[in-house]
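Notes for the structure review
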Amino acid sequence: QVQLVESGGGLVQAGGSLRLSCAASGRYAMGWFRQAPGTGRDFVSAISWSGGSTTYADSVKGRFTISRENAKNTVYLQMNSLKPEDTAVYYCAARRAALYSVSTSLNEYPFWGQGTQVTVSS
């Protein structure tokens, strides 16, 4: 059973920063998605099993950075210059994939964490 545990969410003012963490029970290709009230779950960022490939949604490019610490089976999402429109529940997700494979499609991730709330005030 794959287990994913997110942490690091909270309330921050616009322009501030937060770092989300996702601890996994093994090593997988990982992704971050977010869901605002009344909307679907949207792709944010992904990182390959090796850490050598990353990708970002256009809305967060240049502000968010995904990284991983393989010794701890943990993936991070550093979020800078936060905006009110970044407010959402953030979910990490895992998939078994080839070394440098990344995916932006939530349908390719069979394993999901419970989510962590990020609220950005204006």
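Worth saying up front: this structure is predicted, and the values here are computed from it rather than measured. (Residues numbered from 1 in each chain as written. Predicted model: local features only at pLDDT ≥ 70, side-chain atom pairs only at ≥ 80, totals over all residues. Heavy atoms only, no water.)

Membership of the largest hydrophobic core comes to 32 residues, with the highest contact counts inside it found for Leu4, Met30, Trp32, Phe64, Leu77, Met79 and Tyr90. When contributions to this core are tallied by element, the ones reaching two or more residues are strand 3 (18-24), strand 4 (29-35), strand 5 (41-47), strand 7 (64-69), strand 8 (74-79), strand 9 (88-95) and strand 11 (116-121). It is strand 9 that contributes the most residues to this core, five residues altogether. Setting aside its immediate chain neighbours within four residues, phenylalanine 64 contacts Arg34, Val44, Tyr56, Leu77, Gln78, Met79, Asn80, Leu82, Asp86 and Tyr90. (Core = buried A, V, L, I, M, F, W, Y, C linked by side-chain atoms within 4.5 Å. Buried < 20%, exposed > 50% of the residue type's maximum accessible area, 1.4 Å probe, protein only. Helix = DSSP H or I, 4+ residues; strand = E, 2+ residues; numbered from the N terminus. Contact = heavy atoms within 4.5 Å.)

Glancing now at unusual backbone geometry. Phi angles above zero are rare outside glycine, and asparagine 73 is one such case at about 50 degrees. Here asparagine 73 lies in the loop between strand 7 and strand 8. Looking at asparagine 73, the relative accessible area reads 23%, which means it is partly exposed. Here the phi dihedral of serine 81 falls at roughly 50 degrees; this positive angle occurs in a residue that is not glycine. Residue position: serine 81 is located in the loop between strand 8 and strand 9.

Now for the pairing of strand 7. Along strand 7, the buried face is formed by Phe64, Ile66 and Arg68; none of Thr65, Ser67 and Glu69, which line the opposite face, is buried. Note: strand 7 against strand 8, six bridges, orientation antiparallel. Counted as the bridge partner of isoleucine 66 is leucine 77 from strand 8. Hairpin geometry of strand 7 and strand 8 is characterised by an intervening segment of four residues between the two adjacent antiparallel strands and by a positive phi of about 50 degrees at asparagine 73. (Pairing = 2+ DSSP bridges.)

We now examine the packing of aromatic side chains. Applying the stated criterion across every chain yields a total of six aromatic pairs. Their ring planes at 75 degrees and their centres at 5.7 Å tell us that phenylalanine 33 and phenylalanine 43 sit as a pair that is edge-to-face. Of this pair, phenylalanine 33 sits in strand 4 while phenylalanine 43 sits in strand 5, and the two are 10 residues apart along the sequence. Assessed through its relative accessible area of 15%, phenylalanine 43 is described here as buried. Seen in terms of ring centroids, tyrosine 91 and tryptophan 112 are 6.5 Å apart; in terms of plane orientation they differ by 75 degrees. Their pairing is edge-to-face. On the criterion of sequence distance, the pair formed by tyrosine 91 in strand 9 and tryptophan 112 in strand 10 (residues 111-112) is long-range, its members being 21 residues apart. (Phe/Tyr/Trp six-rings, centres within 6.5 Å; stacked < 30°, edge-to-face > 60°.)

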